[in-house]
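Each chain, letter by letter, is given below.
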Amino acid sequence: MHIIARRSWEIAEACATPEEVFLNRRHFLAKAGLGAGLIAGVASGFVPLGARAQGQPAKGPADRYPAPRNAAYKLDRDLTDEDVSSTYNNFYEFGSHKRIYKAAQEMKLKPWQIRIDGLVEEEMILDIDDLLAKVDLEERLYRHRCVEAWAMAVPWTGFALADLVRLARPKAGASHVRFQTFFDPDVASGQRQSWYPWPYTEGVTMAEATNELAFLVTGVYGKPLAAQFGAPLRLALPWKYGFKSVKSISRITFTSERPTSFWQAVGPKEYGFWANVNPEVPHPRWSQASERLLGTDETVPTRLFNGYGEQVAAIYRGLEGQPLYR
Ligand code: MTE
């Protein structure tokens, strides 16, 4: 077993930026001016497809916290301290290192709209507050395992992704759900790095999306999400490597095709669609057998499906031939 230990001043392993990207960065930097121009040209807001419900009082998001804890989700470790987890983040929109929390505060969180489209009965654009008015919030204690072999445990607040699927009314042909992060290179300097396939995209199958563990997160530590955690809406898929838990979602598309995710597009030899946590299958560049807990730096063994096999293993029966860890 070999874990790459890095000192704080060393460049982050990144989620984890594949070698080719690091090596080619200088070359791409030379082209960045052109890339930024192209990006500015395609950056645009959504055109609302449905009228916002009239006369509904906008619920103040802060009124909903802390939400009742769902005791079904237990931890085998202490919660990670908030000052640790909120200052060590992966959010490439704001830079390819862990100290993005200050830059992320520049995000414009109000108004925030989420477009729901593709194979649904009716496409819609919902304001985040209108969406939250339609769901019950609860708190769940979840483990989070990054593909880079660090881990944390946090009290997310949110609602089941299955509730959103129900609200969206997908058509029979929808087999997958694709999630997209906002695109605003004026605010998110990382999105000016034209060698990345912005906007950040992730996807799951319908069976995964409707699994009880799949959680849309709106808060953490009993408060609305801080920007660096992916406000105002992010995913938590605790049995998968952390990069599947897409932040700051602005579009959810139901589709009949398997989506290509951001990291798959960046490094197809290193990242795949499934990305289920599996300690027995090393990343091409490091072991996945154990993980470093943020805060204490203790090293603990990594568990298959990050310890959530009881809830999710059934999804993958019959798919054994596929590289489910990638
Ligand atoms: N979502 C977006 N939009 N951009 C990102 O760079 N990084 C992913 C995931 N979601 C990322 C993202 C990775 S690699 C991890 S490990 C988690 O967010 C980190 O979540 P945290 O910063 O809340 O710990």
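Since the model is a prediction, treat every value here as computed from it, not as a measurement.

### What about the side chain of Lys247?
Here comes step 1: Tracing the backbone shows Lys247 in the loop between β9 (234-236) and β10 (249-255).
Here comes step 2: No salt bridge forms around the buried Lys247; measuring N to O, its nearest opposite-charge neighbour Glu93 is 7.5 Å away.
Here comes step 3: At 2.8 Å, the side chain of Lys247 forms a polar contact with the backbone oxygen of Asn90.
Here comes step 4: Beyond its immediate stretch of four places on either side in the chain, Lys247 contacts Asn89, Asn90, Phe91, Thr181, Gln228, Phe229, Gly230, Leu233 and Arg234.

### So, the nonpolar core
Here comes step 1: The biggest cluster of nonpolar side chains holds 83 residues, and the ones touching the most others in it are Trp156 and Phe254.
Here comes step 2: The leading source of residues in this core is strand β4 (residues 150-160), at five residues.

### As for helix α5 (residues 161-168)
Here comes step 1: The set of residues buried in α5 consists of Leu161, Ala162, Leu164, Val165 and Ala168. An end-on view of α5 places all buried positions within 155° of arc, on one side of the element.

### Considering the packing of aromatic side chains
Here comes step 1: Applying the stated criterion across every chain, the model contains 23 aromatic pairs.
Here comes step 2: Their ring planes at 80° and their centres at 5.0 Å tell us that Phe91 and Phe94 sit as a pair that is edge-to-face. Summarising the burial analysis for this pair, Phe91 and Phe94 share the class buried.
Here comes step 3: Judged by centre distance (5.9 Å) and plane angle (75°), the ring pair of Trp112 and Phe182 falls under edge-to-face. Remark: Phe182 occurs in the loop between β5 (176-181) and β6 (201-205) and Trp112 occurs in the loop between α3 (101-104) and β1 (113-118); sequence separation between them is 70 residues.
Here comes step 4: Classification of Trp112 as buried rests on a relative accessible area of 6%.
Here comes step 5: Each member of the aromatic cluster is reached from another via a ring pair, and the members are Tyr92, Trp195, Tyr196, Trp198, Tyr200, Phe243, Phe262, Trp263 and Tyr271.
Here comes step 6: Its end group placed over the ring of Tyr308, Arg143 keeps NZ or CZ at 4.4 Å from the ring centre.
Here comes step 7: Over the aromatic face of Phe273 sits the side chain of Lys244, whose NZ or CZ is 4.5 Å from the ring centroid.

Thresholds applied
Residues numbered from 1 in each chain as written. Predicted model: local features only at pLDDT ≥ 70, side-chain atom pairs only at ≥ 80, totals over all residues. Heavy atoms only, no water. Helix = DSSP H or I, 4+ residues; strand = E, 2+ residues; numbered from the N terminus. Buried < 20%, exposed > 50% of the residue type's maximum accessible area, 1.4 Å probe, protein only. Lys, Arg positive; Asp, Glu negative; His and termini not counted. Salt bridge = Lys/Arg side-chain N within 4 Å of Asp/Glu carboxyl O. Polar contact = N/O pair within 3.5 Å; in protein donor to acceptor, adjacent residues only side chain to side chain. Contact = heavy atoms within 4.5 Å. Core = buried A, V, L, I, M, F, W, Y, C linked by side-chain atoms within 4.5 Å. Arc of directions from axis to C-beta. Phe/Tyr/Trp six-rings, centres within 6.5 Å; stacked < 30°, edge-to-face > 60°. Lys NZ or Arg CZ within 6 Å of the ring centre and 35° of its normal.

Interpretation note: all reported values are geometric properties and have no functional meaning in isolation.
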